[in-house]
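Residues per chain are reported as follows:
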Amino acid sequence: MSTPIKILIVEDEMIIAANISLQLTTLGYDVIGIVPRAEEALICVKHDEPHIVLMDINLKGDLDGIETVKLIQKTYDVAVIYLTANTDEVHFNRAKETNPYAFISKPFKKLDLQRAIELTLNRIEQEKNNPKEVSHANSSPFLLSDCIFVRHHEKMVKVDIKDILYIEAERNYCRIYSKGKEYLLVMTLKDMDKKLPNKHFLRVHRSFIVNLSQIDEIAKSHIVIAKKAVPVSKSLKEELLKRLQTI
């Protein structure tokens, strides 16, 4: 987008809201307002037409964040990123019905916020250029700070990041191997790599992303995770060794 990105923060904890605003301003975004209540959020959306709304799920007052988003969506087409301290399935399923662009789990770091905004802007641009592909967006995984939610048998299920062993490409799909379960996603490995936190994951081969904490052995041309030999590209071996030294 060539015009400044306008972001509205709806958060009733003012210290958290001020910190978010400072981080967004540092990143070059235009924070058009900080409001603590649903009623004020509705007025601000109407008058200022933000590109993105950062919405706390647990707002005080008659309407929570999810109910507020539903009212906004009746009239306005605006991207929503939820801020939440709740990762339970009840809140997630309610929020999922509003098709948010991302979730940010409290407490979060500046990098979590930055990535969520960048992924949201990327999706907005894709939807603008490829409107027919919008329907596929709901099958993308939602990333929280300690887990991801993936579509599995018509449901969104939580997969703890610490339990993911590795992810393997299968043409335009990718398969997540976690402790005891597998999940096949309609997503390329390249797109999955962009979504995963690089603190935990590294692409070691054109067909594999691994969880660094799950590596059991390192050989000359492969690594071993849960008795599975995963190939490592020569060009990525050096980066792998550097990353392991920092764990």
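Details of the structure are given in the entry above.
Residues numbered from 1 in each chain as written. Predicted model: local features only at pLDDT ≥ 70, side-chain atom pairs only at ≥ 80, totals over all residues. Heavy atoms only, no water.

> Go over the pattern of salt bridges with me, naming the residues and quoting the values.
In the structure shown here, the tally under the stated rule is eight salt bridges. Residue arginine 175 pairs with glutamate 182 through a salt bridge whose shortest N-O separation is 3.5 Å. Salt-bridge contacts for lysine 242 lead to glutamate 238; the nearest nitrogen and oxygen are separated by 3.7 Å. Linking lysine 242 with glutamate 238, this pair stays in helix 7 (residues 234-245), spanning four residues, or about one helical turn. Residue classification places glutamate 238 among the exposed residues on the basis of a relative accessible area of 53%. Salt bridges here are not isolated pairs; linked through shared partners, they connect Glu11, Asp56 and Lys106. (Salt bridge = Lys/Arg side-chain N within 4 Å of Asp/Glu carboxyl O. Helix = DSSP H or I, 4+ residues; strand = E, 2+ residues; numbered from the N terminus. Buried < 20%, exposed > 50% of the residue type's maximum accessible area, 1.4 Å probe, protein only.)

> Break down the pairing of strand 3 (residues 52-56) for me, with residues and values.
A regular strand carries its side chains on alternate faces of the sheet. Judged by how many residues are buried, strand 3 sits mostly within the fold: five of five residues are covered. Alignment of strand 1 (residues 6-10) against strand 3, held across four bridges, turns out to be parallel. Residue pairing for strand 3: isoleucine 7 is matched across the bridge by isoleucine 52. In this structure, strand 3 lies alongside strand 4 (residues 79-84), joined through five bridges in parallel fashion. Looking across to strand 4, one finds that leucine 54 is bridged to isoleucine 81. The handedness of the strand 3 to strand 4 crossover, carried by helix 3 (residues 65-73), is right-handed. (Pairing = 2+ DSSP bridges. Right-handed = clockwise from strand over helix to strand, strands pointing away.)

> Outline the packing of aromatic side chains, supporting the account with residue identities and numerical values.
To describe a pair of aromatic rings, one takes the distance between the centres and the angle between the planes. Scanning the entire structure with this criterion turns up four aromatic pairs. With a centroid separation of 5.7 Å and 40° between ring planes, the pair formed by tyrosine 82 and phenylalanine 103 is classed as tilted. Of the two residues, tyrosine 82 is situated in strand 4 and phenylalanine 103 in strand 5 (residues 102-105); the sequence distance between them amounts to 21 residues. Both residues of the pair, tyrosine 82 and phenylalanine 103, count as buried. Taken together, a centroid distance of 6.1 Å and an interplanar angle of 55° make the contact between tyrosine 166 and phenylalanine 208 tilted. You can see tyrosine 166 sitting in strand 9 (residues 164-170) and its partner phenylalanine 208 sitting in strand 13 (residues 208-211), a full 42 residues away along the chain. Each member of the pair tyrosine 166 and phenylalanine 208 is classed as buried. An aromatic cluster is built from Tyr82, Phe92 and Phe103, whose rings are joined through pairwise contacts. (Phe/Tyr/Trp six-rings, centres within 6.5 Å; stacked < 30°, edge-to-face > 60°.)

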